[in-house]
Amino acid sequence: MEINDFITRLKSFFEKANRISCYALTTKGNNVSAQELKFESGELENLLNNELSSFYTECEKRQLQEYPYGNCKETIEYRDCNHESIQIRVKQILGKLNNPDIAYDDQKHPNFDSYVLKIDDGSNIVYLFTKKNPIINLKKAKRILYVFSGGNKLRAVNTEMYQFLKTIDVIIFEGNIYFVSLRMEKAFGLEAYSHKQKEKFGNLLRDILDTVEFKEVSVVLKSKNAQSFKFINEEKIKKLNVPEEKRKIAHELNIPLTSAGKFDFKDSGCIERLFDYLQDKLAKDVDDPDQCVGGAGTLKKYT
């Protein structure tokens, strides 16, 4: 789907939407809590229109790509809500939004980290997430807020105040989650998933590489941020166990081989190129005969 098609589908949905609700949300650790926020008539519609206006203007310049792709600066990245990395967490969060565990008039609530607009057209629901605590904690504020009271005199504000942005970080729509930014990766469990992927990556390489090869690889692996392991290509890792495939990969990545057919990692750059290949981060398809011309000088890394 192209970005224009995505925006068109969204606009078509919002034209039919007849119910809007808003929730404050906390997603810390394994706990998720939600509280519905009530608005005066017409205020939620204004908030939604402001968010959508900013979204359409900003995102019509972007491309739609499957997550994980980049940094969501020039893209909107999507993933099926049933993907193993987010299925449980999405179900948990939507469950709380559909059945909040904090009463709307309860003054005791956790420190929220985001808020959500839930839009219903009678047959489908769209969720718009923004990574922002809507409640301004006046007790911790470094400023004192005043408002005009009767007689045009100022009085200090001593009740809770709320703030909302004109931005959207995540959209759940038609069974997919769309990341407009990456600010809520952790909220949807993707940071924890990256740690599992990094561990899996190391275990797979340990099973295939010999002791000396893996010892050198493990040093670089330990220094890597888990967030860089959002995706690993297991089929490419398995190719390292096939001597002919391994020679081809080594040639295209400009990694020397010993007479015994083992990787000779002369510098960390060789390992970096191998990692990029095994995570599909190379613009050049090393496995495509038409692109295999040899030499690392032809390699360019996705940003």
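Please refer to the structure placed before this passage.
Residues numbered from 1 in each chain as written. Predicted model: local features only at pLDDT ≥ 70, side-chain atom pairs only at ≥ 80, totals over all residues. Heavy atoms only, no water.

A. Expanded view of the pairing of strand S4 (residues 75-80). Here four bridges tie strand S3 (residues 63-66) to S4, and the two strands are oriented parallel to one another. By the bridge assignment for S4, Glu66 is matched with Tyr78. The pairing of S4 with strand S12 (residues 176-179) spans four bridges and is classified as antiparallel. Of the residues in S12, the one forming a bridge with Asp80 is Asn176. (Pairing = 2+ DSSP bridges. Helix = DSSP H or I, 4+ residues; strand = E, 2+ residues; numbered from the N terminus.)

B. How the structure looks around the environment of Phe148. By the secondary structure assignment, Phe148 is in strand S8 (residues 146-148). With relative accessibility at 60%, the residue Phe148 sits in the exposed group. Note: C-alpha distance between Phe148 and Tyr104 (44 residues apart in sequence) is 27 Å. Non-local contacts of Phe148, meaning those with residues more than four positions away in its chain, are made with Lys153 and Leu154. (Buried < 20%, exposed > 50% of the residue type's maximum accessible area, 1.4 Å probe, protein only. Contact = heavy atoms within 4.5 Å.)

C. Structural context of the sheet that holds strand S11 (residues 170-173). The eight strands lie next to each other as S2-S1-S5-S6-S11-S12-S4-S3, forming an open sheet whose pairing is mixed. Taken across any chain shown, the strands that pair with only one partner, and hence form the sheet edges, are strand S2 (33-37) and S3. In this sheet, neighbouring strand axes are inclined to one another by 25 degrees on average, regardless of whether the strands run parallel or antiparallel. Strand contacts of helix H2 (residues 43-59): strand S1 (19-26), S4, strand S5 (114-120), strand S6 (125-130) and S11, with the helix running at about 100 degrees to S5, the strand carrying the most contacts. The sheet contacts of helix H3 (residues 87-98) involve S1, S2, S5, S6 and S11, and relative to S6 the element is tilted by about 100 degrees. (Axes fitted to C-alpha atoms, helices over the stretch in contact; angles between N-to-C directions.)

D. The arrangement of the environment of Ile168 in detail. Within the secondary structure, Ile168 is located in the loop between strand S10 (161-162) and S11. Overall, the relative accessible area of 7% leaves Ile168 in the buried class. Spatially, the C-alpha atom of Ile168 lies 22 Å from that of Ile88, the residues being 80 residues apart in sequence. If we skip the residues at most four places from it in the chain, Ile168 touches Glu51, Leu52, Phe55, Leu128, Phe129, Thr130 and Val180.

E. Region of interest: the packing of helix H1 (residues 3-16) against H2. Taken N-terminus to C-terminus, the directions of H1 and H2 make an angle of 165 degrees; their axes are 11 Å apart at the nearest point. The orientation of H1 relative to H2 falls into the category roughly antiparallel. Two packed elements cross with a definite hand, and for H1 against H2 that hand is left-handed. Side by side, H1 and H2 meet where Ile3, Phe6, Ile7, Leu10, Lys11 and Phe14 of the first sit next to Leu48, Leu52, Phe55, Tyr56 and Cys59 of the second. (Parallel < 35°, antiparallel > 145°, perpendicular 65-115°, else oblique. Left-handed = near helix turned anticlockwise from the far one by under 90°.)

F. Focus on the nonpolar core. Ranked by size, the top nonpolar core spans 30 residues in total, and within it Phe6, Phe14, Phe55, Leu128 and Ile171 carry the most contacts. Among the secondary structure elements, those contributing two or more residues to this core are H1, S1, H2, S5, S6 and S11. When residues in this core are grouped by element, the largest group, seven residues, is from H2. With residues up to four places along the chain from it excluded, the contact list for Phe55 reads Phe6, Leu10, Ile76, Ile168, Ile171 and Val180. Of all hydrophobic cores here, the second largest spans 25 residues; its members include Leu209, Ala250, Phe263 and Tyr277. (Core = buried A, V, L, I, M, F, W, Y, C linked by side-chain atoms within 4.5 Å.)

So, to be careful, I would describe these as geometric facts and stop short of saying anything about function.
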